[in-house]
Amino acid sequence: NAGVMQNPRHLVRRRGQEARLRCSPMKGHSHVYWYRQLPEEGLKFMVYLQKENIIDESGMPKERFSAEFPKEGPSILRIQQVVRGDSAAYFCASSPAGPYEQYFGPGTRLTVT
Amino acid sequence: QQQVKQSPQSLIVQKGGISIINCAYENTAFDYFPWYQQFPGKGPALLIAIRPDVSEKKEGRFTISFNKSAKQFSLHIMDSQPGDSATYFCAASIRGGSEKLVFGKGTKLTVNP
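To keep things clear, this report deals only with the structure shown in the data block. (Residues numbered from 1 in each chain as written. Chains lettered and ligands numbered in written order. Predicted model: local features only at pLDDT ≥ 70, side-chain atom pairs only at ≥ 80, totals over all residues. Heavy atoms only, no water.)

Moving on to the interface of chain B and chain A. On the chain A side, the residues contacting the 17 residues of chain B number 23 residues. Taken together, the two surfaces of chain B and chain A that pack against each other cover about 1,600 Å², and 52% of this comes from carbon and sulfur. For the pair chain B and chain A, the number of links is one salt bridge. Of the charged contacts, one joins A:Asp56 and B:Lys100 as a salt bridge, the two residues approaching to 3.7 Å between their closest N and O atoms. At the junction of chain B with chain A, the criterion picks out seven residue pairs in polar contact (both at pLDDT 80 or more). Split by residue class, the side of chain B that touches chain A holds seven nonpolar, five polar and five charged. (Contact = heavy atoms within 4.5 Å. Buried area = accessible area lost by both parts, 1.4 Å probe. Salt bridge = Lys/Arg side-chain N within 4 Å of Asp/Glu carboxyl O. Polar contact = N/O pair within 3.5 Å; in protein donor to acceptor, adjacent residues only side chain to side chain. Nonpolar A, V, L, I, M, F, W, Y, C, P; charged D, E, K, R; others polar.)

Here it is as structure tokens:
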């Protein structure tokens, strides 16, 4: 049973470019969470999605960031016009329906030059 | 009120010793408290979790102690091994809500051989 998959694992973007991060949840999981981890910091919640719905985006910056989880395909976190402060590790986690544990992927490390 | 405070920031223990990491929270609505283990370059892995209706949970060498009145919980690693060297994060969430995890800032554990 494959775990949570994220790609790319490493992503380098120049300031002003767009970054697209993908997350495929574990089989049978319909809930996806995105978290951001800055160096030497804990993880910060960004957004919680179910298929085709954003449930909680209270941790998402108001501008430049968006997320989706379509009926088919992976969840995508999109960052437009990246700035140096967006450099971080972005993790997604998935859980099955209901109050269950969250299982994390290996993360995408975004570097903005 | 949404914070989870974790201490110490770093911890060095000899092989065979006991590692103790502490966390405190303010929001009494939190009712799920997991611990995650993260190795460099990897995603967090769920280690053990507790609900506030129990005061202690043990899984192998790992034990969570929970003090509801003090709003504190701790992770004890018995017979610590060099392979336990990692960063440990406590977290908290509210079941039935969005269940987003609020993380502590992490404890970097080093177990010397």
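Another aspect to go through is the pattern of salt bridges. If you walk through the whole model with that rule in mind, you get eight salt bridges over all chains. The partner of A:Glu18 in a salt bridge is A:Arg78, with the nearest N and O atoms 2.9 Å apart. Placement of A:Glu18 in the loop between β2 (10-13) and β3 (19-24) and of A:Arg78 in strand β8 (residues 75-79) is noted, with a sequence separation of 60 residues between them. When its relative accessible area of 30% is taken as the criterion, A:Glu18 is described as partly exposed. Taking the shortest distance from any N to any O, the salt bridge between B:Lys71 and B:Glu26 comes out at 3.6 Å. Of this pair, B:Lys71 sits in the loop between β7 (62-67) and β8 (72-77) while B:Glu26 sits in the loop between β3 (19-25) and β4 (33-38), and the two are 45 residues apart along the sequence. Since its relative accessible area comes to 21%, B:Lys71 is described here as partly exposed. A cluster of three or more residues bridged by salt bridges with shared partners is formed by A:Glu18, A:Arg20 and A:Arg78. (Helix = DSSP H or I, 4+ residues; strand = E, 2+ residues; numbered from the N terminus. Buried < 20%, exposed > 50% of the residue type's maximum accessible area, 1.4 Å probe, protein only.)

Take the state of the cysteines next. Inspection of every chain in the model, using the stated rule, returns two disulfides over all chains. A sulfur-sulfur separation of 1.8 Å characterises the disulfide bridge that pairs A:Cys23 with A:Cys92. Sign of the S-S torsion, about 65 degrees for the bond between A:Cys23 and A:Cys92, identifies this disulfide as right-handed. Here A:Cys23, found in strand β3, pairs with A:Cys92, found in strand β9 (residues 88-95); they are 69 residues apart in sequence, far enough to count as distant. Here A:Cys23 and A:Cys92 have matching classes, each one buried. Between the sulfur atoms of B:Cys23 and its disulfide partner B:Cys90 the distance amounts to 1.9 Å. Between B:Cys23 and B:Cys90 the disulfide shows an S-S torsion of about -95 degrees. By sign, it is left-handed. (Disulfide = S-S within 2.5 Å.)

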